[in-house]
Amino acid sequence: MSTTPPPPVRIGALAPLTRPGWTEAGRHLLAGLELAAREANAGGGIDGRPLELLVRDTAADPHRAEAAVDDLAGLGVTALAGEYHSVAARAAAARADALGLPFLCSSAVLDALTERPTDRVARLAPAQSHGWRVYADFLLAAGHTRVAVAAEPSLYWAAGTRVLRDHLAPRGGTVTELDARTLPPEALCDELATGSRDVTALLLLTGFPDPAVPIVRAARRDPRLAHVLIGAPAGQPEFPAWESLLGEAGAAIPFLRYLPVRPTPLGARVESALRARLGAAPSFVAFEGYDTITVLAETLRAHGTDRAAVAGAWPRVTVEGTRGAIRFTRPADTPVQQWAWPPVQVADRDPAAPTRFRTLHTATAGTPGR
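This one's a predicted model, so the numbers in the text were calculated from it and none came from an experiment. (Residues numbered from 1 in each chain as written. Predicted model: local features only at pLDDT ≥ 70, side-chain atom pairs only at ≥ 80, totals over all residues. Heavy atoms only, no water.)

**Some thoughts on the side chain of Thr264**
So, point 1. With respect to the secondary-structure elements, Thr264 resides in the loop between strand E10 (255-257) and helix H9 (265-278).
So, point 2. A polar side-chain atom of Thr264 sits 2.9 Å from the main-chain amide nitrogen of Gly267.
So, point 3. Among residues more than four places away in sequence, those in contact with Thr264 are Gly321, Thr322, Arg323 and Gly324. (Helix = DSSP H or I, 4+ residues; strand = E, 2+ residues; numbered from the N terminus. Polar contact = N/O pair within 3.5 Å; in protein donor to acceptor, adjacent residues only side chain to side chain. Contact = heavy atoms within 4.5 Å.)

**Here we look at the side chain of Arg349**
So, point 1. Topologically, Arg349 is positioned in strand E14 (residues 344-350).
So, point 2. Among buried Asp, Glu, Lys and Arg side chains, Arg349 stands out as unpaired, with Glu243 the closest opposite charge at 5.3 Å.
So, point 3. Only 3.4 Å separates the side chain of Arg349 from the backbone oxygen of Glu238, close enough to count as a polar contact.
So, point 4. At 3.2 Å, the side chain of Arg349 and the backbone oxygen of Phe239 are in polar contact. (Buried < 20%, exposed > 50% of the residue type's maximum accessible area, 1.4 Å probe, protein only. Lys, Arg positive; Asp, Glu negative; His and termini not counted. Salt bridge = Lys/Arg side-chain N within 4 Å of Asp/Glu carboxyl O.)

**Observations regarding the pairing of strand E6 (residues 146-151)**
So, point 1. When you tally the buried positions in E6, you get five out of six residues, the bulk of the element.
So, point 2. The pairing of E6 with strand E7 (residues 174-179) spans six bridges and is parallel. The partner of Ala151 across the bridge, within E7, is Asp179.
So, point 3. This β-α-β element, E6 to helix H5 (residues 155-168) to E7, shows right-handed connectivity.
So, point 4. Strand direction decides the pairing type here: E6 and strand E8 (residues 201-205), joined by five bridges, are parallel. Bridging from a neighbouring strand, Ala148 pairs with Leu202 of E8. (Pairing = 2+ DSSP bridges. Right-handed = clockwise from strand over helix to strand, strands pointing away.)

What follows is the structure, encoded as structure tokens:
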């Protein structure tokens, strides 16, 4: 007598896997999602039912993200997971909320992930206002109060600029905006060198590799800017492609990463498995992916696979992730259920060995930027 295998519990997984999405981030995110799903199944799945990921490429496109949510909802997924780009995640979150589909966002940080408060959407990455205030504290501690941003037009970059300005201004700081879309890298350097603003830090609020890489190369070649710190709060230097494209020129450029200074035992084990899977050191985005499925698997085991039950369970979830204990609350002015907060650090690549990272500044989990 044959037995019918139990139907899988399906999770929709969103990631930028083609351009113009940041494909390297998407690959790391997917590696973490898939590793956690494989381990969940090795541990018996969800009450004996296998966990199945249905992967969709958003390419950082809000319209593709919305269409993917519609497609996955029609296929009967219990929940959504993933996404890296804030603009795509925001579109996916709005559509998921409208359809009653729980969505655990892995990596997008835009504060206004949804227009209105909702219990259907939860997030692991810290809100942009939290992480970027930590970065602003780092700048202040290092003596940088005159800051320029080379920015491209987008909701995400505009929000980051506003966070920096609001945090620096009460402490005597200024933020000067330079249009990275219209100013070629050499002209941007001229603006910095000939202006009367006494800028000591230039932050890259731009896409990668263009125009971020050409701007770094131009600034590093310009002796007039030898005293100017180059920074990249959005985390572009975290990924191996940064080092391969820029080498020594890409070192000593501080960025945000959402990892503890010392890995937890689980984090160390997962780091080894992710490294084998990726063929390179995993970024914090890979750990975010792993933690996403770990949280969803535990939630499904404890509260069932009904969509409404999953969405209502976020405040009661406590899961040991790779970067500490994960719990969800609703911080003030945050419309979604939020892990408040994962560990945040400012790091850079060591000039003496650009494949190695240095920790420059930390914010303890649960501690806001001041």
